[in-house]
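Next come the chains, spelled out residue by residue.
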Amino acid sequence: MMPLMHRFMLLAIALIGLTPTAHAQTGSAASSTAMPGSGATVWEQRGERAATFGPQWIAFGLVHQGWITKWQKARNKLVSHIDRCHLDVRSANRDTLLPVTLQCYRGQLVIERDALQNERTVLQQWPGLTEAVRTEALSAIDDMLDAIAPVMDAIDAKVFPTLDAFRDVRENLRSQYRQPYWLATAHVRADAALTWLDHLLLSLHALAQNQTLSVAAQETLSATIACYEAAEPLITAARDAETPEESRRNFSAALAAITPCPLLLDEAHALQSRSSATSSH
């Protein structure tokens, strides 16, 4: 089970590296008084969502890094466990196949349970999530944990008479609890990415107020802002999707939409650097 940072924060990771602090310090980004599709209400909404996100994420950093470290260990443990189980199942005979399969699945559930508990603790602290999305994810995790426990108890009590009976329970766990959990984590991925995107747009908007920027740099920065803005409705659609597949499609489209944006930001920086160098001579 991948952690949320790796499953739903791919866009956020990209945005971390694109935060234009260095450009702001050197005065090399463009300004724009009329950014495409960005009325005052839109910027106010972005400000409400992400104005304090930067300091909150810095404070959250150690918690997040500790979670990633724990997840890597859990993932390695799960991979090793599954590999061993594949060998054990292939080696089992007709009499041992059921108990071997059940114990393998129980071991997988133990690893998953521990990972879910850790994920829940981190999600409670994760900055920038809307409360509706956070609540949905915590509820889905709680439902998963509540569903896992009786399955483990049933395996310990040896109540599964056949592999078919076990498979029915496993399928019920997937359809009734895993699917809602997958949808909730897809929503979290998009919601977290949307906060990162708004945080970046606010930074670019602040840069755009620099009145010393060249016309070419200003125009390119406006194009950069418009580029990132194009991803915003796609991420919103991913957050509001009704299935994991729909969320993934919209999120992938958002990733594709932001692909050219960093190059535009670099171009604005280069244009302003050349303008500044020319002015100094």
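Everything numeric here is computed off the predicted structure, so don't read it as measured data.

Draft legend 1. View of the overall build of the chain. If you tally the helices and strands in the chain, you get eleven helices and zero strands. Secondary structure of the chain in N-to-C order comes out as α-α-α-α-α-α-α-α-α-α-α. A burial count over the chain gives 44% of its 281 residues as buried. Put simply, of all contacts in the chain between residues at least 6 apart along the chain, 85% involve residues at least 24 apart. With the model as given, the accessible surface of the chain reaches about 14,000 Å², and the carbon-plus-sulfur share is 56%.

Draft legend 2. Representation of the packing of helix H7 (residues 131-156) against helix H8 (residues 163-207) in the model. At a minimum axis distance of 9 Å, the contact between H7 and H8 shows a crossing angle of 155°. Taken together, the axis directions place H7 and H8 in an arrangement best described as roughly antiparallel. In the crossing of H7 with H8, the sense of the turn from one axis to the other is left-handed. Residues Val-133, Glu-136, Ala-137, Ala-140, Ile-141, Asp-143, Met-144, Ala-147, Ile-148 and Val-151 of H7 lie in contact with H8, whose contacting residues are Val-169, Leu-173, Tyr-177, Arg-178, Pro-180, Tyr-181, Leu-183, Ala-184, His-187, Val-188 and Asp-191. Within the contact of H7 with H8, the residues separate by chemical class into 16 nonpolar, one polar and four charged.

Draft legend 3. Spatial organisation of the nonpolar core. Counting residues in hydrophobic clusters, the biggest one holds 38 residues, and the most contacted among them are Tyr-105, Leu-109, Leu-116, Leu-123 and Trp-126. Those elements that place two or more of their residues in this core are helix H5 (53-91), helix H6 (97-125), H7 and H8. Here this core gets 13 residues from one element, more than from any other, and that element is H7. Counting residues in hydrophobic clusters, the runner-up holds 22 residues, among them Leu-194, Leu-221, Tyr-228 and Ala-238.

Draft legend 4. Quick peek at the packing of H6 against H7. At their nearest, the axes of H6 and H7 sit 9 Å apart, and the two run at 155° to each other. Regarding the angle of H6 to H7, the classification is roughly antiparallel. Regarding H6 and H7, the two cross each other, and that crossing is left-handed. When the residues that make up the contact of H6 with H7 are grouped by side-chain class, the tally is 15 nonpolar, four polar and eight charged.

What counts and what doesn't
Residues numbered from 1 in each chain as written. Predicted model: local features only at pLDDT ≥ 70, side-chain atom pairs only at ≥ 80, totals over all residues. Heavy atoms only, no water. Helix = DSSP H or I, 4+ residues; strand = E, 2+ residues; numbered from the N terminus. Buried < 20%, exposed > 50% of the residue type's maximum accessible area, 1.4 Å probe, protein only. Contact = heavy atoms within 4.5 Å. Areas by Shrake-Rupley, 256 points an atom, 1.4 Å probe, with all protein chains shown as cover. Axes fitted to C-alpha atoms, helices over the stretch in contact; angles between N-to-C directions. Parallel < 35°, antiparallel > 145°, perpendicular 65-115°, else oblique. Left-handed = near helix turned anticlockwise from the far one by under 90°. Nonpolar A, V, L, I, M, F, W, Y, C, P; charged D, E, K, R; others polar. Core = buried A, V, L, I, M, F, W, Y, C linked by side-chain atoms within 4.5 Å.

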